[in-house]
Amino acid sequence: MRFDIVTIFTRMFDSPLAESILKRAVEAGKIEVHRHDIRDHTTDAHRSVDDTPYGGGAGMVMRPEPLVRCVESLPEAGKRCRILMTPQGETLTQDIVRELASFNQLVLICGRYEGIDERAIKLVCDRELSIGDYVLAGGEIPAMVVIDAVTRLIPGVLGNEDSVRSESFEDGLLEYPHYTRPEVFRDEKVPDVLLSGHHAEIAKWRRKEAVLRTFKRRPDMLKAADLTEEERRSLELTKPMKTAK
Ligand code: ADE
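A brief report on the enclosed structure follows. Note that this is a predicted model, so its numbers are computed, not measured.

1. Side note on the nonpolar core
Phase 1: Phe3, Leu100 and Leu106 are the most contacted members of the largest nonpolar core, which has 31 residues in total.
Phase 2: Put simply, the parts of the chain that give this core at least two residues each are strand S1 (2–7), helix H2 (20–27), strand S5 (80–91), helix H4 (94–100), strand S6 (105–110) and helix H6 (140–151).
Phase 3: If you tally residues by element for this core, the top one is H6, at 6 residues.
Phase 4: Those residues in contact with Leu100, other than ones at most four positions away along the chain, are Met1, Ile83, Leu92, Leu106, Arg127, Leu129, Val146 and Val150.
Phase 5: Counting residues in each nonpolar core, the second largest holds 18 residues, with Ile8, Val49, Val68 and Leu74 among its members.

Next up, the structure:
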């Protein structure tokens, strides 16, 4: 997978790419991350990328010329999607992340200021994505979120493919609770079933806990989840909680 980041703050990506899974994915050649400074595509002495909005109003708007030139200067590397990171976009979900992982190249365009000239969006963006209903200072952190979420789905990146399959959202449920040593911590004991060595019972317990946790914390997810009739019936006897526990 090739990522092309289009931004005015290329250095914001230094440390996230220099640690842990992303670092290893780069070193193993699983991903390539190329950063492109929009300012390198300006033609004025001040290297300006923004201007005042037509029609007035607060804030500045990203000018179309340098941004469009920057995106159009990128090489095409197979099946490509050019994505604008913006709070106006479709909300990112694990389903969308899976879809993105099927491309060869993702161009991540990071907006700044009050917005981007609409004509630039029309010309060089295939899709607009938001990472949630809140406003950040720019699209750089959201772009990093996309890179992280997509990279961990690339075969061979995590090492253990099971860890992708069993985790939250992959099967429409939140994850079951996890425990490790010690067996007793501050008077709280690990559930007996997990110490039993009985794999079928452990799997049953984990499934039950995942269903219950999803019901309590994210009942909105259950409609689409693959539950048995028995699981649906057992939930009808339980009340969802107002706050997560
Ligand atoms: N830019 C600013 N806020 C954003 C958000 N929530 N998602 C994507 N891009 C953004």
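2. A short note on the sheet that holds strand S7 (residues 115–116)
Phase 1: If you walk across this open sheet you meet the 3 strands as S3-S4-S7, and the pairing is mixed. In the strand order of this sheet, the two ends are held by strand S3 (50–51) and S7, each with one partner.
Phase 2: Judged from the 2 bridges that link them, S3 and strand S4 (residues 61–62) form a sheet pairing that is antiparallel. Bridge pairing links Asp51 to Val61 in S4.

3. Side note on the sheet that holds S1
Phase 1: Taken in spatial order, the 5 strands make up an open sheet running S2-S1-S6-S5-S8, and their pairing is parallel. Among the strands making up the open sheet, the edge pair consists of strand S2 (32–37) and strand S8 (127–130). The mean angle between the axes of side-by-side strands here comes to 30°, regardless of whether they run parallel or antiparallel.
Phase 2: When S1 meets S6, the two strands line up parallel, connected through 5 bridges. Looking at S6, one finds that Ile5 is bridged to Leu108.
Phase 3: Packing of H6 onto the sheet brings it into contact with S1, S2, S5 and S6, and relative to S6 it is tilted by some 160°.

4. Observations concerning a nonpolar patch on the surface
Phase 1: On the surface, Phe9, Met12, Tyr134, Leu136, Ile141 and Val145 cluster together to form a nonpolar patch covering roughly 510 Å² of accessible area.
Phase 2: Accessibility expressed as a relative area gives 32% for Val145, which makes it partly exposed.

5. What to know about the site of the ligand
Phase 1: Lining the immediate environment of the ligand, one finds Met85, Thr86, Pro87, Leu129, Ser130, Ile131, Gly132, Tyr134, Val135, Leu136, Gly138 and Pro142.
Phase 2: Taking Ile131, its main chain carries an N or O atom lying 3.0 Å from a nitrogen atom of the ligand.
Phase 3: Separating a nitrogen atom of the ligand from a backbone N or O atom of Tyr134 is a distance of 2.8 Å.
Phase 4: Compared with its free state, where it exposes 260 Å², the ligand has 97% of that area covered by protein.
Phase 5: Within the residue set of the shell around the ligand, elements represented by two or more residues are S5 and S8.
Phase 6: For the shell around the ligand, the element with the highest residue contribution is S5, accounting for 3 residues.
Phase 7: Residue composition of the shell around the ligand, by class: 8 nonpolar, 4 polar and no charged.

How each quantity is defined
Residues numbered from 1 in each chain as written. Predicted model: local features only at pLDDT ≥ 70, side-chain atom pairs only at ≥ 80, totals over all residues. Heavy atoms only, no water. Core = buried A, V, L, I, M, F, W, Y, C linked by side-chain atoms within 4.5 Å. Buried < 20%, exposed > 50% of the residue type's maximum accessible area, 1.4 Å probe, protein only. Helix = DSSP H or I, 4+ residues; strand = E, 2+ residues; numbered from the N terminus. Contact = heavy atoms within 4.5 Å. Pairing = 2+ DSSP bridges. Axes fitted to C-alpha atoms, helices over the stretch in contact; angles between N-to-C directions. Patch = residues over 30% accessible without salt bridge, like charges linked within 9 Å, V, L, I, M, F, W, Y side chains within 5 Å. Areas by Shrake-Rupley, 256 points an atom, 1.4 Å probe, with all protein chains shown as cover. Salt bridge = Lys/Arg side-chain N within 4 Å of Asp/Glu carboxyl O. Near = heavy atom within 4 Å. Polar contact = N/O pair within 3.5 Å; in protein donor to acceptor, adjacent residues only side chain to side chain. Nonpolar A, V, L, I, M, F, W, Y, C, P; charged D, E, K, R; others polar.

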